[in-house]
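Commentary on secondary and tertiary structure
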Amino acid sequence: IDGDLSDWDLSGVESAWIADELADVQVCNLYMMYDNQFLYVASDMKLYDHEYTNPNRPEDRYWRGDLLQLRLSTDKSLPWPLPRKKDNPLYVKNDKVTCVNMWRNTLTNQDCIYITPGANFDCTNTLNPDGSKIFIKPYNKAFKLEARIPWKALGVKDGKNPFSPGEMMTACLDIKWMPGLDGHFAAMIFAQDPGAFAFLNVNTWGRIKFLTEGNLKRKIVTPEEIAQAARHRKESEQT
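Residues numbered from 1 in each chain as written. Predicted model: local features only at pLDDT ≥ 70, side-chain atom pairs only at ≥ 80, totals over all residues. Heavy atoms only, no water.

**As for empty space enclosed by the protein**
Counted by the stated rule, this structure contains 1 cavity of 30 Å³ or more. If you trace the largest cavity, you find it lined by Arg71, Val97, Thr98, Cys99, Thr116, Gly118, Ala119, Phe121, Phe199, Val202 and Trp205. Of the residues forming the lining of the largest cavity, the biggest block, 3 residues, is contributed by strand 5 (residues 97–105). Its residues assigned to classes, the lining of the largest cavity shows 7 nonpolar, 3 polar and 1 charged. (1 Å grid on protein atoms, 1.4 Å probe; cavity = no way out; pocket = protein on both sides within 12 Å on 5 of 7 lines; lining within 4 Å. Points joined across faces, edges and corners; volume = space filled by probe spheres on them. Helix = DSSP H or I, 4+ residues; strand = E, 2+ residues; numbered from the N terminus. Nonpolar A, V, L, I, M, F, W, Y, C, P; charged D, E, K, R; others polar.)

As structure tokens, this is what we get:
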């Protein structure tokens, strides 16, 4: 876990961006792997107009900086889509519905995996739980993130991956670009676009499928191709 993604199978990339014209320079490329003990998350995120910035501690408003928030459920008894939260007893003290907040405090250079379990925020939060590891590597208005998260920290009592090959885990990813108050956000892995409120709208979360092999087929289009096409359209309209 060193921020070097050259040892990853990157074929399963999922990407999210804010504007088509900037899809190659303001984009989050997400990668995931797993084994019996850990869930692994990596990203290569381009920030476009600023260097990596998040001067916040867990007790601060850490969502107002460059940040990834992976929301997921390891509770296989829950249906998909997840039921709405309001007054739903399924979520009371349920630490299997959780959020993994990942960022670097740019004042202290501490890399953070902050687990905030419980859809109702009624469970105990944990910073860098035992067995976890994260490394964030800023570079040229971008950063690479590599993280290892124990299944036990995701509400799995025996600490072993509860999903068999072919099964799906309910999840959603929130991506925040600094500054966090002017619409610099995107989401990926969803059934319905949750906007900025995926933490409220658990019924919008999508699913991640567990596979036994990598080397997945390339996406039809890449963020770079999206940006090139958008710029070409704009140039054509102007002429």
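**Section: the layout of surface pockets**
Of the volumes computed, that of the largest pocket is approximately 800 Å³. Along its surface, the largest pocket is lined by 28 residues, and Gly12, Met32, Ile208, Lys209 and Leu216 are the ones closest to its centre. With 5 residues, the single largest contributor to the lining of the largest pocket is strand 2 (residues 27–34). Its residues assigned to classes, the lining of the largest pocket shows 16 nonpolar, 5 polar and 7 charged.

**Looking at the environment of Arg71**
Relative to the helices and strands, Arg71 resides in strand 4 (residues 67–73). Residues Arg71 and Ile115 lie 44 residues apart in sequence; the distance between their C-alpha atoms is 9.8 Å. Once residues within four sequence positions are removed from consideration, Arg71 is found in contact with Thr98, Cys99, Thr170, Ala171, Cys172, Asp174, Ala198, Phe199 and Trp205. Separated by 2.8 Å, the side chains of Arg71 and Asp174 make a polar contact. (Contact = heavy atoms within 4.5 Å. Polar contact = N/O pair within 3.5 Å; in protein donor to acceptor, adjacent residues only side chain to side chain.)

**Focus: the environment of Thr74**
If you trace the backbone, Thr74 turns up in the loop between strand 4 and strand 5. The class for Thr74 is buried, based on a relative accessible area of 3%. Along the backbone, Thr74 and Ala227 are 153 residues apart, and their C-alpha atoms lie at a distance of 36 Å. Those residues in contact with Thr74, other than ones at most four positions away along the chain, are Lys96, Trp151, Leu154, Gly155, Val156, Pro162, Phe163 and Met169. A distance of 2.8 Å separates a polar atom in the side chain of Thr74 from the backbone oxygen of Leu154. (Buried < 20%, exposed > 50% of the residue type's maximum accessible area, 1.4 Å probe, protein only.)

**What about the pattern of salt bridges?**
Side chains that differ in charge, positive against negative, can pair when their charged atoms come close. Evaluation of the coordinates by the stated rule reveals 8 salt bridges. Lys234 is paired through a salt bridge with Glu21; the nearest N and O atoms lie 3.6 Å apart. With Lys234 in helix 1 (residues 223–238) and Glu21 in the loop between strand 1 (14–17) and strand 2, this residue pair connects regions lying 213 residues apart in the sequence. Classification of Glu21 by relative accessible area gives partly exposed; the value is 32%. Across the pair Glu167 and Lys76 runs a salt bridge, and its minimum N-O distance is 2.9 Å. With Glu167 in the loop between strand 9 (142–150) and strand 10 (168–176) and Lys76 in the loop between strand 4 and strand 5, this pair connects stretches of sequence that are 91 residues apart. Judged by its relative accessible area of 43%, Lys76 is partly exposed. Salt bridges linked by common partners bring Arg57, Glu59 and Asp60 together as one network. (Salt bridge = Lys/Arg side-chain N within 4 Å of Asp/Glu carboxyl O.)

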